[in-house]
Every structure is written in structure tokens, then in C-alpha cells.
Amino acid sequence: MHADFSRLTFRPGKHYSAVLTQQGRVQLDADANEQAAIERYQLRTLAADLIGRRGGPAAAAGFAIGYVPGNHDVDDLTIGGGRYYVDGILCEADRPEPGIAVPDEPGPSHGSDAREAPLGWTYWDQPDAYRDQDRDGDRLPGEFPFLVYLKVWERSVTAVEDPEIREVALGAAMPDTAARAKLVWQVLALPASELSVPDGGVSRVREAFDAWAETQERPGGLLAARARRPERASEDPCLAHPEAGYRGPENQLYRVEVHHGGSADGCATFKWSRENGSVVLPVASIEGVWVDLTSLGDDDKLSLSVGDWVEVADSAYISRGEPANLLQVEETDLPGRRVRLSAEPLPEVGRLAERHPFLRRWDHRAPRGRDALPLAGGALQLQEGAWLDLEDGVQVYFRPCGDYTRGDYWLIPARTATGSVEWPQNAAGEALLREPAGVQVHHAPLAWVKGPTTVVDLRQTFTPLTAPTPQ
């Protein structure tokens, strides 16, 4: 979750059932967020225990799939409205009802002809998938059979992407308040060749999909973090304790995130932010390498400077999960509220206002020194088996033989009071390896499309637990 958090403290293994507020104490965002995480964890665990891994209510099960042959290569799917649970997570496929507009001078009969909204969606217009018919990879498989499945995860949304979150009464000079966690679902297709079941029965298809989904959901990389007093720290005029490992002047929440996935021997890269990737600036327009912004940040520490690496993003870019090269700020025009980047952003990203484009700042710098990490596409090349310096004594370690997924991230709170980072250790004080904090992706099979007129429903349903009391 990219948002301005102090830290995230929820740990299922501690078995806390509630956060208890005490009188006269300072209230922090971490406490409120942990309470919300506890409730969400309990609710989803209960739903998964009762329903199973996947299922929908028999009377209102959502995501019924229908195949719609098209002209040439524009075949489509219908996605029925309703509800479906994946690992206890509620997914709703109902299309919001359109409002009824009232003209400036309404007549006496206005409003009697309310139009009904479609109950569900289609493959091409589903809300968070952003499928493009001009992309070969987005089209449905050209051969039968193929499997249709549901992909589910959560991400954060701030007022930059959803302006309705902001309370306008606070004024434009005030920062936004709380962010939101958004559930994202996508209906996607998988060729039968990737499941090794060209024409198997329903049970075999489900088993093959479960095996495929397990590989997609399994964490592929582990990371450890620590703070170590840098060499020649005695020459540093900062006010940190001479023996402190973390030398930064402020408390930070470092975010280390995989940019390009794969293996370290291949093309895997990572980026990092000392603000959990929460420094985002809304984009008004893009003209070549110049980007017009609606704001240059709340203060000097949350704005852009020459040399910063930025990521041009919008709702579609985030949902598709296809990384573009990071770009560097080469010039800032403060009066004009615009910046000049090292290259022109991709033409399909950041141009549509309805997708709420923005720049996200990352805090790594171009390599310097003999042991500096090289850059690849603006991100740092991922190296395993050695402690890597971020800044101010913060170091990270990637376990060898990892297979990294785009978007995997780890959060590292750094505190000036202790001169260290908050990270689990063993009895000897050695940092422990941890799985990514996210993104946690869930999958569920929906349909096995065997031909233009044969669609096998793979969903599961349940009936209510209650029944009328016998009289």
C-alpha cells in the first residue's frame, strides 16, 4: 500500500484481537490501521472457514461467464452480476446503477422512465482490468478450450486518484486525510496449454488450475534489513549518536519494491522510497518531455528536485502491472508548476484525465562509487547474497535464488530514537529473512470454455446455514 504511514504493525502470529485505546495517550495512524487489519483478518478467516477457498451464495452467485463470439478477433465474455468469495474476500460484480439526471427545467413526468443498468460487465469493459483490443496479449485465446479465472488483490487509493476522498472544506493548502484500501478484481483468460489439460474433466481442470495458481501466489523472494554504522561515520556532522546505525535525521518508513520481476541473474530490478512511495503529484497534462502538474508538493521534502527518479502512472498502469522505465527529473519550473523529464513517458500512460495520472517519486539515486548498484531502466539492478546500502546506514539483503514478482515490497521503519530499524532478529541479533508484505494475489477458476456454445461453469455455491424453525 503506497500511503503516508508511520509503520504497519499488524502481525497475525501475535494473535491480538483488538487495539485498546488508553486515555491521555498520543494516537498514531498505526494503531487505527492495526485495528482495521485485525477486523479484516478475522472476517475473512471466518468467511473462508465457512465457505471454503471459493464460493458464492446460491441465490446471488456472481461472475457467471458467457462466451460471445465476435467478428474475427474481438470475441467477448459476459460477466454476470452478484457476489463471490475468494479466500474469504468478498468480490462484487454488480455494475453500479446509473443516476437519473434532472434537467434545469424538469417537466411533471420526469423521472418516470428510469433506465435499468446492466447486471454485470463484459470482458472488455470490466472496471479494473483495462483490456485493450489492439493488444494481442489482451485478446481471448484463439483456440479452444481455455480457462477463465478471477484474479483478486488489494491496493491503496489516495485523493490523487479519487478526488472525492479529499474534504474540500479543509482547503487546497491542507494535505489529504486518510487513504483507502481498494479491492481489485479482474476476469482473465488462460490457454489450456498452460494447464496441461487439453480437454480434461472438471475435476482435472480445477486441480490443474490450483497447481498453476499456487505458483503465481507463492512468494518468490526473501529480504532482510538492518542498520549499520557507515564507514567514516565519524566525519559525518549529523546529530545522530556516534554509534548509531541509522544516521538519518528523521523517522522514515522505507519501502523496497520490485520494479521488474524475474531472477537476479536476469532482469530483476528494485527501487526504494523513504516515504513508502507516498510522494505523488497529480498530472495535469503531458507534452513531450514536459509534464504539467497541479501541485509541486506540500513542502520541499515532498516535492520534486532535479535528479529525482519518478514513475509516470495512472489507474490503468497500476492495474495492469506492466512496468515502464523510471524517468529522471532534469529541470523544474516552479512558477509554471511543471517538470522536464529525461524522456517522454509511454504514450498509453498518463494522458487520460479520467484515469487520474500522477508522478510517483522514488528516492534512490544514480550509482556512485566502486560498490554502487548499477541502474537498469532507472531502477537498481537486484543483487543477491550481499548487504546492499540504501542510505544513512540502512542495508538490505536479498536471499539467493529468488524469483521476484513485479510489485513485491518490504517495509522498513527507521527510527532516530534507537538509531536502528525495526526488523525481526534472532537471539544473536541477526536480521531474519521475511516474505514480501505484499502484494497478496488470489485466484479462482470461473469457467472452462470448450467451444463457442459450450461453457462449463467452474464456480462453487453455498446455501444459507439457517432454515425456518419447524412448527
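Residues numbered from 1 in each chain as written. Predicted model: local features only at pLDDT ≥ 70, side-chain atom pairs only at ≥ 80, totals over all residues. Heavy atoms only, no water.

## Some details on the pattern of salt bridges
So, point 1. This structure, assessed with the given rule, holds 28 salt bridges.
So, point 2. One salt bridge in this structure joins Glu154 and Arg44, with 2.8 Å as the shortest N-O distance. One end of the pair, Glu154, is in strand 7 (residues 146-157); the other, Arg44, is in helix 1 (residues 29-51), and 110 residues separate them in sequence.
So, point 3. Judged by relative accessible area, Glu154 falls into the partly exposed class, the value being 21%.
So, point 4. The salt bridge partner of Arg218 is Glu214, with a shortest N-O separation of 3.8 Å.
So, point 5. Residues joined in a network through salt bridges with shared partners are Arg131, Arg135, Asp138, Arg320, Glu322 and Glu348. (Salt bridge = Lys/Arg side-chain N within 4 Å of Asp/Glu carboxyl O. Helix = DSSP H or I, 4+ residues; strand = E, 2+ residues; numbered from the N terminus. Buried < 20%, exposed > 50% of the residue type's maximum accessible area, 1.4 Å probe, protein only.)

## Focus on the pairing of strand 14 (residues 290-293)
On a regular strand, one side chain projects to one face of the sheet and the next to the other, so that they alternate.
So, point 1. Side chains of strand 14 alternate between two faces, with Val291 and Leu293 buried and Trp290 and Asp292 left unburied.
So, point 2. Pairing geometry for strand 13 (residues 280-287) and strand 14, over 4 bridges, is antiparallel. Within strand 14, the residue paired with Glu287 across the bridge is Trp290.
So, point 3. Connecting strand 13 to the antiparallel partner strand 14 that follows it, the hairpin turn spans 2 residues, and Gly288 within it adopts a positive phi of roughly 65°.
So, point 4. Of the pairings in the sheet, the one linking strand 14 to strand 17 (residues 338-341) comprises 3 bridges and is antiparallel in character. Directly across from Trp290, in strand 17, lies its bridge partner Arg340. (Pairing = 2+ DSSP bridges.)

## Focus on the sheet that holds strand 17
So, point 1. Pairing within the closed barrel is antiparallel, and its 6 strands lie in the order 13-14-17-16-15-18. Adjacent strand axes in the sheet meet at a mean angle of 50°, parallel and antiparallel pairs treated alike. (Axes fitted to C-alpha atoms, helices over the stretch in contact; angles between N-to-C directions.)

## What about the sheet that holds strand 8 (residues 180-191)?
So, point 1. Within the open sheet, the 4 strands sit side by side as 8-7-26-27. Their pairing is antiparallel. The sheet is open, and its two edges are formed by strand 8 and strand 27 (454-457), each paired on a single side. In this sheet, neighbouring strand axes are inclined to one another by 25° on average, regardless of whether the strands run parallel or antiparallel.
So, point 2. Taken strand by strand, helix 2 (residues 202-217) contacts strand 7, strand 8, strand 26 (442-451) and strand 27, and its axis lies near 140° from that of strand 26. (Contact = heavy atoms within 4.5 Å.)

## Re the state of the cysteines
So, point 1. Using the criterion set out here, one finds 0 disulfides in the structure.
So, point 2. Not part of a disulfide, Cys267 finds its nearest cysteine sulfur in Cys401, a span of 17 Å. (Disulfide = S-S within 2.5 Å.)

## Observations regarding helix 1
So, point 1. Taking 1.5 Å of rise per residue, 23 residues should cover 33 Å, and helix 1 covers 33 Å from first to last C-alpha, within 8% of that figure.
So, point 2. For helix 1, the full list of buried residues reads Ala30, Glu34, Gln35, Ala37, Ile38 and Ala47.
So, point 3. Those residues of helix 1 that are buried lie in contact with strand 4 (83-86).
So, point 4. Backbone geometry just after helix 1 places Gly52 at a positive phi near 100°. (Expected span 1.5 Å × (residues − 1).)

## As for the nonpolar core
So, point 1. Ranked by internal contacts, the top residues of the largest apolar core, which has 26 residues, are Leu223, Val256, Phe270, Val396, Phe398, Ile412 and Trp423.
So, point 2. Those elements giving two or more residues to this core turn out to be strand 9 (223-227), strand 10 (252-258), strand 12 (269-273), strand 21 (387-391), strand 22 (394-398) and strand 24 (409-415).
So, point 3. The residues touching Phe270, leaving out its near neighbours within four places in the chain, are Val256, Glu257, Val258, His259, Leu373, Ala379, Leu380, Gln381, Leu382, Leu388, Leu390 and Phe398.
So, point 4. Within the second largest apolar cluster, 24 residues are counted, among which are Ile79, Tyr84, Leu150 and Val449. (Core = buried A, V, L, I, M, F, W, Y, C linked by side-chain atoms within 4.5 Å.)

## Some remarks on the side chain of Glu275
So, point 1. Tracing the chain through its elements places Glu275 in the loop between strand 12 and strand 13.
So, point 2. No salt bridge is formed by the buried Glu275. Its closest oppositely charged neighbour is Arg361, at 4.9 Å.
So, point 3. In this structure Glu275 touches Ala3, Gln252, Leu253, Leu302, Arg361 and Asp363, once residues within four positions along its chain are discounted. (Lys, Arg positive; Asp, Glu negative; His and termini not counted.)

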